[in-house]
Amino acid sequence: MPHGFAVGREEGEPLRFSDASFLVKASAETTGGSFSIIEEIAPLDTPRHVHAHEDELFIVLEGKHEFTVGDTVYDVGPGAVVFAPRGVPHSHRRVVPRTGRFLTLVSPTGFEGFFRELSESEQDGTIGPEAYARASERYGVTWLG
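Small disclaimer: the values here were computed from a predicted structure and weren't measured.

*Asks:* Any chance you could explain the packing of aromatic side chains here in plain terms?
*Replies:* Scanning all chains against the criterion turns up 12 aromatic pairs. Each ring, one from Phe-17 and one from Phe-115, has its centre 6.1 Å from the other, and the planes form 50 degrees; the classification is tilted. You can see Phe-17 sitting in strand β1 (residues 13-17) and its partner Phe-115 sitting in helix α2 (residues 112-123), a full 98 residues away along the chain. Considered together, Phe-17 and Phe-115 belong to a single accessibility category, that of buried residues. Their ring planes at 90 degrees and their centres at 5.6 Å tell us that Phe-111 and Phe-115 sit as a pair that is edge-to-face. Residue classification places Phe-115 among the buried positions, given a relative accessible area of 8%.

*Asks:* It is not clear to me how the pattern of salt bridges should be interpreted in this structure. Could you clarify?
*Replies:* Pairing of side chains with opposite charge becomes possible as their charged atoms draw close. Applying the stated criterion to the full structure yields 13 salt bridges. Of the charged contacts, one joins Asp-19 and Arg-98 as a salt bridge, the two residues approaching to 3.8 Å between their closest N and O atoms. Separated by 79 residues along the polypeptide, Asp-19 in the loop between β1 and β2 (20-26) and Arg-98 in the loop between β9 (90-94) and β10 (101-107) bring together distant segments of the chain. Assessed through its relative accessible area of 46%, Asp-19 is described here as partly exposed. Among the salt bridges present, the one from Arg-94 reaches Glu-40, with a minimum N-O distance of 3.8 Å. Taken as a pair, Arg-94 in strand β9 and Glu-40 in strand β3 (residues 36-42) lie far apart in primary sequence, 54 residues in all. The pair Arg-94 / Glu-40 is uniform in exposure class, with both members buried. Overlapping salt bridges, with partners in common, bring together Arg-9, Glu-10 and Glu-62 in one network.

*Asks:* Help me understand the side chain of Lys-25, please; the structure alone is not making it clear to me.
*Replies:* By the secondary structure assignment, Lys-25 is in strand β2. Only 2.6 Å separates the side chain of Lys-25 from the backbone oxygen of Gly-8, close enough to count as a polar contact. A distance of 2.7 Å separates a polar side-chain atom of Lys-25 from the backbone oxygen of Glu-11. Setting aside chain neighbours within four positions, we find Lys-25 in contact with Phe-5, Val-7, Gly-8, Arg-9, Glu-10, Glu-11, Ile-37, Glu-39 and Leu-103.

*Asks:* I keep staring at the nonpolar core and nothing clicks. Help me out?
*Replies:* As a rule of thumb, soluble globular proteins bury nonpolar side chains together. Ranked by internal contacts, the top residues of the largest apolar core, which has 15 residues, are Phe-22, Phe-111, Phe-114, Phe-115 and Leu-118. Secondary structure elements with two or more residues in this core: β1, β2, α2 and α3 (129-138). Setting aside residues no more than four positions away along its own chain, Leu-118 makes contact with Phe-17, Ile-127, Ala-131, Tyr-132 and Ala-135.

*Asks:* Which parts of the structure should I look at to understand the layout of surface pockets?
*Replies:* One simple way to see leftover space: roll a probe sized like a water molecule over the atoms. The volume enclosed by the largest pocket comes to roughly 390 Å³. Along its surface, the largest pocket is lined by 25 residues, and Glu-40, Thr-46, Phe-114, Phe-115 and Trp-143 are the ones closest to its centre. Among the secondary structure elements, those contributing two or more residues to the lining of the largest pocket are β2, β3, β4 (46-51), β5 (55-62), β9, β10, α2 and β11 (141-143). Of the residues forming the lining of the largest pocket, the biggest block, 4 residues, is contributed by β4.

The rules behind these values
- Residues numbered from 1 in each chain as written.
- Predicted model: local features only at pLDDT ≥ 70, side-chain atom pairs only at ≥ 80, totals over all residues.
- Heavy atoms only, no water.
- Phe/Tyr/Trp six-rings, centres within 6.5 Å; stacked < 30°, edge-to-face > 60°.
- Helix = DSSP H or I, 4+ residues; strand = E, 2+ residues; numbered from the N terminus.
- Buried < 20%, exposed > 50% of the residue type's maximum accessible area, 1.4 Å probe, protein only.
- Salt bridge = Lys/Arg side-chain N within 4 Å of Asp/Glu carboxyl O.
- Polar contact = N/O pair within 3.5 Å; in protein donor to acceptor, adjacent residues only side chain to side chain.
- Contact = heavy atoms within 4.5 Å.
- Core = buried A, V, L, I, M, F, W, Y, C linked by side-chain atoms within 4.5 Å.
- 1 Å grid on protein atoms, 1.4 Å probe; cavity = no way out; pocket = protein on both sides within 12 Å on 5 of 7 lines; lining within 4 Å.
- Points joined across faces, edges and corners; volume = space filled by probe spheres on them.

The structure is reproduced here in structure tokens:
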């Protein structure tokens, strides 16, 4: 059974890869498997892809963003919430490159492992297309280009 917890603005499990920074704010371990939350702090744009296992809910904290879910484009700013259900292709881009922050709530849990795996690859010097392909296959992500 999970215990209550609080995580401050700059707190969480720090992860970094491909010149992007993330904080895992909530994980399978801390929520008893209910959901995960990952904050993208210094994020990159995310190309069109689809998840086999997870739904994602994006909560914009700072900046202007463009999310495409299916064929619909959402131009959003702080306070906006965007839902990308599993099985539906989606992408994300910052209107001003390398600016803005958002939270990604993921259900069910486990996708934080994708970020952990790539962060470990970055730390041990093996980050590259093969590391992305392995993590994507393991976590059910298909990149659509």
